[in-house]
Number of protein chains: 2
Amino acid sequence: MAGGEEAQAQARAMDGSSPSLPPRPPPPPPEREGSHHSYDIESMDGGAPWRQHNGNGSSEALLRYDDGGSMREPLLRKRTMNTTSQIAIVGANICPIESLDYEVVENDLFKQDWRSRKKQQIFQYIVLKWSLVLLIGLLTGLVGFFNNLAVENIAGFKLLLTSDLMLNGRYIRAFFVYGGCNLVLAAAAAAICAYIAPAAAGSGIPEVKAYLNGVDAYSILAPSTLFVKIFGSILGVSAGFVLGKEGPMVHTGACIANLLGQGGSRKYRLTCNWLRYFKNDRDRRDLITCGSAAGVAAAFRAPVGGVLFALEEAASWWRSALLWRTFFTTAVVAVVLRALIEFCRSGKCGLFGQGGLIMFDLSSTVVTYSTPDLIAIIVLGIIGGIFGGLFNFLLDKILRVYSIINEKGAPFKILLTITISIITSMCSYGLPWFAACTPCPVDAVEQCPTAGRSGNYKNFQCPAGHYNDLASLFFNTNDDAIRNLFSNGTSNEFQMSSLFIFFTAIYCLGLVTYGVAVPSGLFIPVILAGATYGRIVGTLLGSITDLDPGLFALLGAASFLGGTMRMTVSVCVILLELTNELPMLPLVMLVLLISKTIADNFNKGVYDQIVVMKGLPYMEAHAEPYMRHLVAGDVVSGPLITFSGVEKVGNIVHALRITGHNGFPVVDEPPITEVPELVGLVTRSHLLVLLNSKNFMKGQIKTSGSFVLRRFGAFDFAKPGSGKGLKIQDLDFTDEEMDMYVDLHPITNTSPYTVVETMSLAKAAILFRELGLRHLLVVPKTPDRPPIVGILTRHDFMPEHVHSLFPNLNPHKYHSASMAG
Amino acid sequence: MAGGEEAQAQARAMDGSSPSLPPRPPPPPPEREGSHHSYDIESMDGGAPWRQHNGNGSSEALLRYDDGGSMREPLLRKRTMNTTSQIAIVGANICPIESLDYEVVENDLFKQDWRSRKKQQIFQYIVLKWSLVLLIGLLTGLVGFFNNLAVENIAGFKLLLTSDLMLNGRYIRAFFVYGGCNLVLAAAAAAICAYIAPAAAGSGIPEVKAYLNGVDAYSILAPSTLFVKIFGSILGVSAGFVLGKEGPMVHTGACIANLLGQGGSRKYRLTCNWLRYFKNDRDRRDLITCGSAAGVAAAFRAPVGGVLFALEEAASWWRSALLWRTFFTTAVVAVVLRALIEFCRSGKCGLFGQGGLIMFDLSSTVVTYSTPDLIAIIVLGIIGGIFGGLFNFLLDKILRVYSIINEKGAPFKILLTITISIITSMCSYGLPWFAACTPCPVDAVEQCPTAGRSGNYKNFQCPAGHYNDLASLFFNTNDDAIRNLFSNGTSNEFQMSSLFIFFTAIYCLGLVTYGVAVPSGLFIPVILAGATYGRIVGTLLGSITDLDPGLFALLGAASFLGGTMRMTVSVCVILLELTNELPMLPLVMLVLLISKTIADNFNKGVYDQIVVMKGLPYMEAHAEPYMRHLVAGDVVSGPLITFSGVEKVGNIVHALRITGHNGFPVVDEPPITEVPELVGLVTRSHLLVLLNSKNFMKGQIKTSGSFVLRRFGAFDFAKPGSGKGLKIQDLDFTDEEMDMYVDLHPITNTSPYTVVETMSLAKAAILFRELGLRHLLVVPKTPDRPPIVGILTRHDFMPEHVHSLFPNLNPHKYHSASMAG
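Residues numbered from 1 in each chain as written. Chains lettered and ligands numbered in written order. Predicted model: local features only at pLDDT ≥ 70, side-chain atom pairs only at ≥ 80, totals over all residues. Heavy atoms only, no water.

A.B. asks: What is the right way to look at the pattern of salt bridges in this model?
C.D. replies: Side chains bearing opposite charge may pair, as long as their charged atoms lie close to each other. All names here are of chain A. Counting across every chain of the model gives 38 salt bridges over all chains. The closest approach of N and O atoms between lysine 129 and aspartate 283, which form a salt bridge, is 2.6 Å. Of this pair, lysine 129 sits in helix α5 (residues 119-167) while aspartate 283 sits in helix α10 (residues 281-300), and the two are 154 residues apart along the sequence. A relative accessible area of 3% places lysine 129 in the buried class. (Salt bridge = Lys/Arg side-chain N within 4 Å of Asp/Glu carboxyl O. Helix = DSSP H or I, 4+ residues; strand = E, 2+ residues; numbered from the N terminus. Buried < 20%, exposed > 50% of the residue type's maximum accessible area, 1.4 Å probe, protein only.)

Here is the structure:
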């Protein structure tokens, strides 16, 4: 065993890490996924030729990087010296993270398992998988419906109560009732979020995206997160915040899938042993992909949109079989929702009317467009893209400020939420007073002023026969406000000034609301602001275009979605499914393409930006161009810890205690073989299971490994649910045991993926990413050296790590090439 | 240099191979992508343990394989002894094929290139790429429109002419005119296909799918194929065959993309040097993916469906950037089509009416469904799945018979086509006579009987005020027939007997038509048969369900599409875009899922089946379960040919001449290094460029390689358009030159992907497939052996190859596990 006693003290500190770890600088040297060893790479001719060429002006290059790179800088970096930290922000919580591993481990146990696998087991597996997928669809559909039902009833009750008071002229009291309801709901949402599961704050899409990219933290998909996500979202939306339930629904779907996949929660005594087949990262990833698709399908009632969202935004790996399974899940969601809505039609669901699940029907209009319309739409797309990019930029700044507040503890989180709630109440109750009362149009299809809780013509403070157009937007649920904006045949319903006030307020409120410690989606604020913007443009251009302002609102929403989220196909299909407006498809596509192209010049998509800011080590599908100038051997670092094929127990225990490494190369050395020879890679979790069995030997002799095969089945080494599993501090060994030996051959993965040290980092990154690896072994180019140079892990490919090693690399010189990918 | 003089004679024969190579058994030993070396694998403990376990009854296992395996057996195998042949059927043509290579070659040239790449070049690249994508969209849209315009005019003229004659009572003459027109059109289509580009026969989707999986043959995307595909498809559809233009449009789009990407055709003097950036397989793959999406978008006027088709069916690799680019292409297609249709609305396009591009409008119906409806739909899905599976089964049998006929030469191809044309004409003109005349419904919305060329109520032989319902289906273009079947509010339009006759005829004609030497799509026959089937079910169940028969026709079409093509999301969206029937979405999804599940129990999707039958070495995304019982070292075979780092010209020339190998490992040996050391992999094409420069040395000394860097740019080694490039027989060397040496280091890919010989074949296959490799080097487990064991290529992973090496592997034992993937 080589290396690393000096890191003992700091590693002890790491041992105590738990999901609720308070934010503190993790200890140098970096805790890493694998163990490393730096060779004298300089002497190799395949080394890094660019270093001689690029040697000039390192400080200047560094300056340039620090200057322009703030968008790519994780928040955590400001607080730690360690750029490859294994902690990240999940929701509003700082957690230790680890990588997921999609590599097939091939060792003796695996072979035994495959040899003995029966047809029956395979059948069981298939049936279980489909049942799980069905269950995910059912549950997500139910939760989605419950969420809507609750929101409609709570928010509806609140609005009705306030309206009643206003009808009686008790305006002040109405405000206090309205504001008070909002405050209580907001405080409740913030409290459960801050005290039960801080990881449930925010949209959750960045976290799910990171999980599906291979980054795990226990709390991302924990049962408590699920609980808070559901109820926090209901409370938050009911509280009248400018936030949506769509993002949280995606996270909810993913949590449901995780809970089902790991066979319930052991903590809450809900386990199921049949699900041992799914105790691996690959099957879990598939289920969670299905879950996130089901979430979108449930949130928007858009089954195809859900599949495409999972494909375009959430998932990092994709295959045809998965497409089918996601499709099945979302179909189930659609059927469940349809059945429940049918059930509610008879009025059994309280205030839940047609309005519950968004479905904007524009279908009455016939769409024909001419050249001036197209020009108007192109302009709309361009400005929408600029607004979208600006939104991302401002959101980044605001989140950085908020994270300082949120870090101070739960009371501060609640306080921040309450502040935003009061501001929101003041805006939504106060601003409509600035709008003049408009007489009801004589040809209105709808009742005017509106009698019920939702509708186009809110009475507010106006006399009978008049309506307050700003109240129709503000003093409503977000869904209803969008419905009003999308409504057509109502060209003159909204005054220009009202639209401007509403746009400004919503754009700003959307920005300041997202970061509070409440489950909050971005779709609704963006659609709201975009639709208002579109309606403004449509009204302004009313003279030169024949398109209805309602259609312009749809296009405006598309332009904002394209400008912030940078999704194309999925947004397009979601909007199509929301509005049932097929003839608009080419226009929506056009607007999306324009706004995405424009906004891509400024910054990244909002979710990507949040992923980076949260410090989640996301592997991009393409390699960054500067990686072509480095070779794999350049970035491996740190002391490499290897084990012998038959290793002393004490050495293993010591290595596991002093480091956080998860993978150790196993090298057979001269007593066993003639020359040092790489056996493979052994993982921490497998070592712990083996050590726990305490089946040790007196001498250093290679065994047949049969005792392992006798004592263990492949499922004993299966991956437990996140945050469970054995830990090294759970194990105790006597001094005698520490002096004994254990044969690692049976549990060593004998076919880890390897790259030669002279391979460019870019090429290694593609291998690492495409195959979803956790460890990538780097082997020497020449055969006369020890058989392993080091290990590459996810963190070694992160720009922060590479730039900390090579500060004179200029990321901007080759920046634009990444756009070409 | 090791190995293989004995293969010289047969390799000479291979040298003369050309795209028009007549079918003949390729010579043993197999021509392969790479060079191989068999080591004594048996002595390694990581070897193949299953061989001891499964050793019993090899002949019985073999029998079982031959018995049940016929669906997986390529056609070619019946005619050759060589299971890893490098020929396959493209269209109706037997061609030599080769693999595409998506690996980044990292050698000195590549490094030089990256170091010197300017911002300006990157900008050029991006602009060019987007311009190309735009052009692909424009051209495919134009071609799609032209196709429709031509078909509508030719077929419309034919139908009008015949109708006129029939109105005058000249029925015999009408038949000869009708049949004669069909015959001439069919013969013309078959003739251009047989004589100009046999590769254009059939749908083209299997070939495009194989190309995007990494299998290339010059003729797949050649300009002549494009020409025949466009005009052959127009002639074939106009000839009244039961075939569609959708598959050919996909192929057309791909051909257009290829032509644009490789900078025009050098043969026809249309080249463009700016496009050198795209002279690599990766960029071409992206463009061709866009092209195939554009094809679907143009064929169905379904932009989102096109993207999803490319994603679900066509492409093997996918990334987010590609999604966006495909989306852009299909948006352009949608805009082009819309503009052209707008232009034609004023009647400038002859007989091209609304009917040109399929768009079935069902939007008048309100869809509500109850439990009996759902049960009816589930039954519909199940039976549809069975019919779909049966279709695939029968199609396989018929194609095998046809291929024997087609092989006999062009005249036989034309004869077969003419025969089928006569049968089709007889059916479509003859069978309506069996239908009774129906009096026109009094409440018909449409004119009855139909006056023009298309419509619901064809008069045919009936007296005035009556219509022949079978003629409305048969005596029409396929698009119009589908429109009639989908029409709603016309419950009693079709008699049950007519529907039965039509269904039987179309199902059989669809089967016998696909294999003829004419560009022919499968979508339309399947939709036609499915819609008829759905309408039959709808009419039968009219008493227990309230759904309109038109909706049942839609669901029936979905069930057949699910049953044959096994696509889910894309078919769903295509049907949605075709019918604008969003409320039907959950039902369509349900039907698709059921029919696909049912049909998957019988056989593979129709395109996958055709790919296998054509002998195209398609790499599946998942590894077959039996591959887990083999290791990489088990399947490498054949003599391994390696070069020294500085190799004698004669040896290289000799190796290139006697083998068809495309990759050679380069090993530095003791004069240059202390121990044998793997330098990397050099490809045939790079060797040829280097040899062509004739810059040889007298002695075996390692150079700095600077002359290569001086004389060549990276673009000199760029991949030329398929079928171009240097060939070894184009080069001549004097005896003096043959005795000289050449330094291979500068052109050797120093970081090829490697796997250890004990890695399971399944794991190696995943690596190979995910990274899109052409060669995968197998290295020894122990360091005391020569540094390379062999090379794995695409053919080594093919089931035929593996089973020829290990006939006692039982593929059925583990078969069902592949469904779990």
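The discussion continues.
A.B. asks: Can you help me understand the interface of chain A and chain B in this one?
C.D. replies: Accessible area lost during the coming together of the parts is what is often quoted as the interface size. Taken together, the contact between chain A and chain B spans 85 residues of the former and 86 residues of the latter. Surface buried jointly by chain A and chain B totals about 7600 Å² across both partners, of which 68% is contributed by carbon and sulfur atoms. Between the two partners, chain A and chain B, sit 2 salt bridges. Residue glutamate 103 of chain B is joined to lysine 763 of chain A by a salt bridge in which the shortest nitrogen-to-oxygen separation is 2.8 Å. Remark: the boundary between chain A and chain B carries 14 residue pairs in polar contact (both at pLDDT 80 or more). Counting residues per element, the side of chain A that touches chain B draws most heavily on helix α12 (residues 320-344) of chain A, which supplies 11 residues. Considering only residue class, the side of chain A that touches chain B consists of 48 nonpolar, 18 polar and 19 charged. (Contact = heavy atoms within 4.5 Å. Buried area = accessible area lost by both parts, 1.4 Å probe. Polar contact = N/O pair within 3.5 Å; in protein donor to acceptor, adjacent residues only side chain to side chain. Nonpolar A, V, L, I, M, F, W, Y, C, P; charged D, E, K, R; others polar.)

A.B. asks: What is the right way to look at the packing of aromatic side chains in this model?
C.D. replies: One pair of aromatic rings is described through two measures. These are the centre distance and the angle between the planes. Summed over the entire model, instances satisfying the criterion amount to 64 aromatic pairs over all chains. Between phenylalanine 175 of chain A and tyrosine 429 of chain A, the aromatic rings sit 5.2 Å apart at their centres with planes inclined by 50°, giving tilted as the arrangement. Within this pair, whereas phenylalanine 175 of chain A is found in helix α6 (residues 171-195), its partner tyrosine 429 of chain A is found in helix α14 (residues 410-430), the two being separated by 254 residues in sequence. Between phenylalanine 768 of chain A and phenylalanine 797 of chain A the ring centres are 5.0 Å apart and the planes differ by 45°, which places this aromatic pair in the tilted class. With phenylalanine 768 of chain A in helix α28 (residues 761-771) and phenylalanine 797 of chain A in the loop between β14 (790-792) and α29 (799-805), this pair connects stretches of sequence that are 29 residues apart. The class of phenylalanine 768 of chain A is buried, set by a relative accessible area of 1%. Judged by relative accessible area, phenylalanine 797 of chain A falls into the buried class, the value being 2%. For the cation-ring pair, arginine 285 of chain B lies above tyrosine 102 of chain B, with the distance from its terminal atom to the ring centre recorded as 4.1 Å. (Phe/Tyr/Trp six-rings, centres within 6.5 Å; stacked < 30°, edge-to-face > 60°. Lys NZ or Arg CZ within 6 Å of the ring centre and 35° of its normal.)

A.B. asks: Is there a simple way to explain the relation of the copies chain A and chain B in this structure?
C.D. replies: In summary, the two copies of the chain are related to each other by a rotation about an axis coupled with a shift along it. The two copies are related by a screw motion: chain A maps onto chain B through a turn of 180° and a shift of 0.1 Å along the axis, at an RMSD of 0.1 Å. The relationship between the two copies is best expressed as a two-fold rotation axis. By residue overlap, the copies meet face to face through one surface: 99% of the interface positions of chain A are interface positions in chain B. (Least-squares fit on C-alpha atoms with pLDDT ≥ 70 in both.)

A.B. asks: Can you walk me through the pairing of strand β2 (residues 93-96) of chain B in this structure?
C.D. replies: Moving residue by residue along a regular strand, the side chains alternate between the two faces of the sheet. Residue and element names in this part refer to chain B. Relative to β2, strand β1 (residues 87-90) is paired through 4 bridges, and the arrangement is antiparallel. When the bridges of β2 are listed, valine 90 appears paired with asparagine 93. In sequence, β1 turns back onto β2 through a hairpin of 2 residues, with glycine 91 there showing a positive phi of about 65°. (Pairing = 2+ DSSP bridges.)

A.B. asks: When you look at α14 of chain A in this model, what are you seeing that I'm missing?
C.D. replies: One turn of an α-helix holds 3.6 residues; hence residues three or four places apart share an orientation. Between the first and last C-alpha of α14 of chain A there are 30 Å, a value that for 21 residues agrees with the 30 Å anticipated at 1.5 Å per step. Those residues of α14 of chain A that sit buried are Ala410, Lys413, Ile414, Leu416, Thr417, Ile420, Ser421, Thr424, Ser425, Cys427, Ser428 and Tyr429 of chain A. (Expected span 1.5 Å × (residues − 1).)

A.B. asks: Whenever I open this one, the sheet that holds strand β9 (residues 663-668) of chain B confuses me. Can you help?
C.D. replies: As a general point, the strands of a sheet are linked pairwise by backbone hydrogen bonds and lie either parallel or antiparallel. Residues and elements named next belong to chain B. Read from one edge of the open sheet, 3 strands run β7-β9-β10, paired in mixed fashion. The open sheet has two edge strands with one neighbour each: β7 (643-644) and β10 (677-683). Pairing between β7 and β9: 2 bridges, direction parallel. Bridging from a neighbouring strand, phenylalanine 643 pairs with valine 666 of β9. Strand contacts of helix α25 (residues 684-693): β7, β9 and β10, with the helix running at about 85° to β10, the strand carrying the most contacts. (Axes fitted to C-alpha atoms, helices over the stretch in contact; angles between N-to-C directions.)

A.B. asks: What is the right way to look at the state of the cysteines in this model?
C.D. replies: Among covalent bonds in proteins, the disulfide is the one between the sulfur atoms of two cysteines. One pass over the full model with this rule turns up 2 disulfides over all chains. Disulfide pairing places cysteine 437 of chain A opposite cysteine 462 of chain A at an S-S distance of 2.0 Å. In this structure the cystine formed by cysteine 437 of chain A and cysteine 462 of chain A twists about its S-S bond by roughly -95°; its chirality is therefore left-handed. Of this pair, cysteine 437 of chain A sits in the loop between α14 and β5 (438-439) while cysteine 462 of chain A is found in the loop between β5 and β6 (466-467), placing the two residues 25 residues apart along the sequence. The exposure class assigned to cysteine 462 of chain A is buried, which follows from its relative accessible area of 6%. Here cysteine 427 of chain A stays free of any disulfide, with the sulfur of cysteine 508 of chain A as its closest cysteine sulfur at 8.6 Å. Residue classification places cysteine 427 of chain A among the buried residues on the basis of a relative accessible area of 18%. With no disulfide of its own, cysteine 572 of chain B has cysteine 572 of chain A as its nearest cysteine by sulfur position, at a separation of 16 Å. (Disulfide = S-S within 2.5 Å.)

A.B. asks: Sorry if this is basic, but what is going on with the packing of α10 of chain A against α12 of chain A here?
C.D. replies: A pair of packed helices can be characterised by two numbers: the angle between their axes and the separation between those axes. All names here are of chain A. With their axes 9 Å apart at the nearest point, α10 and α12 run at an angle of 35° to one another. Judged by the twist between their axes, the crossing of α10 over α12 is right-handed. When α10 is examined against α12, the residues Asp286, Thr289, Cys290, Ala293, Ala294, Ala297 and Ala298 are found in contact with a partner set consisting of Leu322, Arg325, Thr326, Thr329, Thr330, Val333 and Leu337. (Left-handed = near helix turned anticlockwise from the far one by under 90°.)

A.B. asks: Looking at this structure, how should I read the packing of helix α13 (residues 371-407) of chain A against helix α19 (residues 549-564) of chain A?
C.D. replies: Residue and element names in this part refer to chain A. Contact pair α13 / α19: the axes reach a minimum separation of 7 Å and the direction vectors enclose 40°. Considering their axes alone, α13 and α19 lie oblique with respect to each other. Crossing of α13 against α19: the hand is right-handed. Here α13 contributes Ala376, Ile377, Leu380, Gly381, Gly384, Gly385, Phe387, Gly388, Gly389, Phe391 and Asn392 to the contact with α19, which in turn contributes Phe552, Leu555, Gly556, Ser559, Phe560, Gly563 and Thr564. Taken together, the residues of the contact of α13 with α19 break down into 8 nonpolar, 10 polar and no charged. (Parallel < 35°, antiparallel > 145°, perpendicular 65-115°, else oblique.)

A.B. asks: Please explain helix α16 (residues 478-486) of chain B as it appears in this structure.
C.D. replies: Residue and element names in this part refer to chain B. The element α16 is extensively covered by neighbouring structure, given that 8 of its 9 residues are classed as buried. Those residues of α16 not exposed but buried are Asn478, Asp479, Asp480, Ala481, Ile482, Asn484, Leu485 and Phe486. Against α15 (469-474), α17 (496-514), α18 (523-540), α19 (549-565) and α20 (569-579) lie the buried residues of α16.

A.B. asks: Explain the sheet that holds strand β10 (residues 677-683) of chain A here, please?
C.D. replies: All names here are of chain A. Taken in spatial order, the 3 strands line up as β7-β9-β10 in an open sheet, and their pairing is mixed. Only two strands of the sheet have a single neighbouring strand rather than two, namely β7 (643-644) and β10. Across the sheet, helix α25 (residues 684-693) lies against β7, β9 (663-668) and β10, angled at about 85° from β10, the strand it touches most.

A.B. asks: Please explain the confidence of the model for chain A as it appears in this structure.
C.D. replies: Residues and elements named next belong to chain A. Overall, the prediction assigns chain A a mean pLDDT of 80, with 80% of residues at 70 or greater. Confidence drops under a pLDDT of 50 for residues 1-71, and excluding neighbours within four residues, the segment shows 155 contacts in the predicted structure. A low-confidence stretch, residues 812-821 stays under pLDDT 50, and its non-local contacts, those more than four residues away or across chains, total 25 contacts. Here the prediction assigns the complex a pTM of 0.85, and the interface score ipTM is 0.84. (pLDDT = per-residue confidence, 0-100.)

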